[in-house]
Amino acid sequence: PTPTMTKGCPTIHFVWIVPPSDEAAVDTWVASHEAFMQETHSFGAGPEPCMLKYYIAKGKELNNPMNPESGETGNFIYTMSEVYKTAAGIPAHMELAQPRDDGKLFGTLMEFNGKYGKWLDAGTASVFTNIADSETTSITAKGQPTIHCVQKVPKADEQNMDAYWKSHEEFMRATHVCSVDDSIKDEDTPRVTSFSINKGVVLNDPLDPESGDSGFVSYTMSETYAAPSGIAGHFVKAPEHWPGFAELPEINEKYLLTIEIGSAVVANMGDKMK
């Protein structure tokens with residue numbers, strides 16, 4: 001069956017900002033995590049943990065991510081995006097991960113998250129908007145460019161932000177397509193290979209469900225495109241077809257935790273996606 005990613009599916013995300021001196025060590029961990037995921041998880045259908053999306057993206061951090069001419073900080077930004085078929089997938093994932101490599105895989109994750117972490121959600125968020133009611137996610141390939149952002153929103157503003165991101169979903173569905181068909185021109189119809197905004201409660205400690213509700217909700221945007229021309233097409237379409245685009249700078253000033261535009265997928269589910 002074709003893997004699909006429907007609303008309500010649970011997610012895990014992290015965002016790390018890594019100095020160049022530690023790039024090689026993080027790349028080694030990414031490769032070991034990818035091997036673990038490919039060996040122990042199913043994709044689309046199969047035993048738990050069953051993935052509907054898994055990738056890690058890597059890119060250079062810019063001084064101003066909205067301005068490619070702003071120059072680089074010298075650091076790297078790593079973003080992981082995982083969507084599970086059911087809520088049972090995340091506990092099953094954790095059970096497999098913790099003893100892997102004598103605990104080094106999970107232990108190093110915790111070490112790196114402590115050093116580099118800008119954001120982490122681990123089962124407290126789920127898919128809130130997507131590109132279609134049954135979004136195919138099996139075409140997210142290595143090298144494809146990405147857009148990610150995380151917003152932390154007070155619960156008093158939740159209803160307004162829900163409506164805001166629903167209007168963004170309407171824009172994405174009306175103007176973009178989930179495809180890698182080269183006959184489709186990105187300037188006319190930008191091609192995504194996965195898209196979701198994932199919403200959840202922000203805990204005081206993201207790894208401790210007993211730590212309590214912080215009073216905030218998170219919105220994590222996770223987009224992959226067939227080609228860089230898709231991102232360019234997206235930013236041509238947005239001001240023309242999405243009234244909310246004009247509000248985005250003000251909204252980001254209030255709520256934005258992190259954003260990247262133009263990283264590339266460096267890890268995924270490999271042959272299981274075919």
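For the structure itself, consult the block above.
Each value, and the rule that gives it
- Residues numbered from 1 in each chain as written.
- Predicted model: local features only at pLDDT ≥ 70, side-chain atom pairs only at ≥ 80, totals over all residues.
- Heavy atoms only, no water.
- Helix = DSSP H or I, 4+ residues; strand = E, 2+ residues; numbered from the N terminus.
- Rg over C-alpha atoms; globule rule 2.2 N^0.38 Å.
- Contact = heavy atoms within 4.5 Å.
- Areas by Shrake-Rupley, 256 points an atom, 1.4 Å probe, with all protein chains shown as cover.
- Lys, Arg positive; Asp, Glu negative; His and termini not counted.
- Charge placed at Lys NZ, Arg CZ, Asp CG, Glu CD.
- Phe/Tyr/Trp six-rings, centres within 6.5 Å; stacked < 30°, edge-to-face > 60°.
- Buried < 20%, exposed > 50% of the residue type's maximum accessible area, 1.4 Å probe, protein only.
- Lys NZ or Arg CZ within 6 Å of the ring centre and 35° of its normal.
- Arc of directions from axis to C-beta.
- Core = buried A, V, L, I, M, F, W, Y, C linked by side-chain atoms within 4.5 Å.
- Pairing = 2+ DSSP bridges.
- Axes fitted to C-alpha atoms, helices over the stretch in contact; angles between N-to-C directions.
- Parallel < 35°, antiparallel > 145°, perpendicular 65-115°, else oblique.
- Left-handed = near helix turned anticlockwise from the far one by under 90°.

Novice: It is not clear to me how the overall build of the chain should be interpreted in this structure. Could you clarify?
Specialist: Helix and strand content of the chain: six helices and twelve strands. In terms of C-alpha radius of gyration, the chain reaches 18 Å, essentially the compact-globule figure of 19 Å for 274 residues. Dimensions of the chain, computed from C-alpha atoms along their principal axes, come out at roughly 55 × 40 × 35 Å. By sequence separation, contacts in the chain at least 24 residues apart represent 80% of the contacts at least 6 residues apart. Surface summary for the chain: the accessible area is close to 11,800 Å², and the carbon and sulfur share equals 52%. Of the side-chain charges in the chain, 21 are positive and 38 negative, and the distance between the mean point of each set is 3 Å.

Novice: What's the story with the packing of aromatic side chains in this structure? I'm lost.
Specialist: Scanning the model with the defined rule gives 13 aromatic pairs in all. Their ring planes at 0° and their centres at 4.0 Å tell us that phenylalanine 14 and tryptophan 16 sit as a pair that is stacked. Given the relative accessible area of 1%, phenylalanine 14 is considered buried. Residue classification places tryptophan 16 among the buried positions, given a relative accessible area of 0%. Chaining the aromatic ring pairs together yields one cluster made of Tyr164, Trp165, Phe171, Phe235, Trp242 and Phe245. Over the face of the ring belonging to phenylalanine 216 we find lysine 152, whose NZ or CZ atom lies 4.8 Å from the ring centre.

Novice: Help me understand helix α6 (residues 248-255), please; the structure alone is not making it clear to me.
Specialist: Each turn of an α-helix holds 3.6 residues, which means side chains three or four residues apart point in the same direction. Restricting attention to buried positions, one finds in α6 the residues Leu248, Ile251, Asn252 and Tyr255. For α6, the angular spread of the buried residues around the axis is 100°, confining them to a single face. Facing away from the buried side of α6 by over 90 degrees, the exposed positions are Pro249, Glu250, Glu253 and Lys254. Among the structural elements, β8 (145-154), α4 (158-175) and β12 (256-267) are those in contact with the buried residues of α6.

Novice: For this particular structure, what's the right way to read the nonpolar core?
Specialist: One broad rule of soluble globular proteins: the nonpolar side chains tend to lie buried together. Counting 28 residues, the largest nonpolar core has Phe14, Trp16, Val26, Trp29, Tyr54 and Tyr78 as its most contacted members. Those elements that provide at least two residues to this core are β2 (10-18), α1 (23-40), β4 (50-62), β5 (72-84), α2 (89-97) and α3 (104-116). Once you skip the residues sitting within four places of it in the chain, tryptophan 29 turns out to touch Phe14, Trp16, Ile56, Leu105, Thr108, Leu109 and Phe112.

Novice: Before we go on, may I ask you to explain the pairing of β12 in this structure?
Specialist: The two faces of a sheet get side chains in turn, since along a regular strand they alternate between them. Inspection of the sheet shows β4 paired to β12 by three bridges, in the antiparallel sense. Each bridged residue has a counterpart across the sheet, and for isoleucine 56 the counterpart in β12 is alanine 267. Both β8 and β12 contribute to a ladder of seven bridges, which runs antiparallel. From the neighbouring strand, histidine 148 faces β12, where its bridge partner is glutamate 260.

Novice: Even after reading the chapter, I still don't get the packing of α4 against α6, so can you show me in this structure?
Specialist: For any two helices packed against each other, the geometry comes down to the angle between their axes and how far apart the axes lie. At a minimum axis distance of 13 Å, the contact between α4 and α6 shows a crossing angle of 135°. As judged from the angle between their axes, α4 and α6 are oblique. With respect to the hand of their crossing, α4 and α6 are arranged in left-handed fashion. Taken together, the residues of α6 that come into contact with α4 (itself represented by Met161, Tyr164 and Trp165) are Leu248, Ile251 and Tyr255.

Novice: Looking at this model, I keep getting lost on the pairing of β5. Mind explaining?
Specialist: Two strands pair when backbone bridges link them, and β2 and β5 are joined in this way by eight bridges, in the antiparallel orientation. If you follow valine 18 over to β5, its bridge partner there is phenylalanine 76. As paired strands, β4 and β5 are joined by ten bridges and run antiparallel to one another. Paired with lysine 60 across the two strands is phenylalanine 76, which belongs to β5.

Novice: What is the right way to read the packing of α4 against helix α5 (residues 228-241) from this model?
Specialist: Running from N to C, α4 and α5 cross one another at 120°; their axes reach a closest spacing of 11 Å. In terms of axis orientation, α4 runs oblique to α5. Considering the relative orientation of α4 and α5, their crossing is right-handed. For the pair α4 and α5, contact is made by His168, Phe171, Met172 and Thr175 and by His234, Lys237, Ala238 and His241, respectively.

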